[in-house]
Amino acid sequence: MDIKMEKIIFRAEGEEPVAFYVLEQTRIGGIDYILVTDTEEDDGEALILRDISRQGEEEAVYEIVTEDEELDAVSAVFENMLEDVELS
């Protein structure tokens, strides 16, 4: 079965827009997280992003999760959600 992933565009200030494909999303402790990859096919670079938007903002604002403890916890949740994916 071929599943079409949602494509989102990130626009960092002063940089070229970058496209990512959303693999999964979850909410932990009131914080929204998305697991994205840079390619729709094959094994690509995966990142976990935390939604840091303020309530009422028109566009979502995300930052890359880099803190080891948070990254490990959220990675484990995504690995359980996507049984055939191992995040390392």
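In case you missed it, the structure is sitting above this.
This is a predicted model, so every value here is computed, not measured.

Draft legend 1. Structural detail: the side chain of E70. Within the secondary structure layout, E70 lies in helix α1 (residues 68-81). Within the structure, the side chain of E70 is placed 2.5 Å from the side chain of Y33, a separation counted as a polar contact. In terms of polar contacts, E70 uses its side chain to reach the side chain of R50, at 2.5 Å. Setting aside its immediate chain neighbours within four residues, E70 contacts Y33, R50 and V65.

Draft legend 2. Here's a closer look at the sheet that holds strand β1 (residues 6-10). In spatial order, the strands read β1-β2-β3-β4-β5; together these five strands make up an open sheet with antiparallel pairing. Of all the strands in the sheet, just β1 and β5 (62-64) have a single pairing partner and so form its edges. Within the sheet, the average angular offset between the axes of one strand and its neighbour, ignoring direction, is 45°. Judged from the seven bridges that link them, strand β2 (residues 18-28) and strand β3 (residues 31-37) form a sheet pairing that is antiparallel. Counted as the bridge partner of E24 is L35 from β3.

Draft legend 3. Spotlight on the pairing of β2. In the sheet, β1 pairs with β2 via five bridges, with the strands oriented antiparallel. Counted as the bridge partner of F10 is V18 from β2. Counting the residues between successive antiparallel strands, the hairpin from β2 to β3 contains two residues, one of them, G29, with a positive phi of roughly 55°.

Basis of the calculations
Residues numbered from 1 in each chain as written. Predicted model: local features only at pLDDT ≥ 70, side-chain atom pairs only at ≥ 80, totals over all residues. Heavy atoms only, no water. Helix = DSSP H or I, 4+ residues; strand = E, 2+ residues; numbered from the N terminus. Polar contact = N/O pair within 3.5 Å; in protein donor to acceptor, adjacent residues only side chain to side chain. Contact = heavy atoms within 4.5 Å. Pairing = 2+ DSSP bridges. Axes fitted to C-alpha atoms, helices over the stretch in contact; angles between N-to-C directions.

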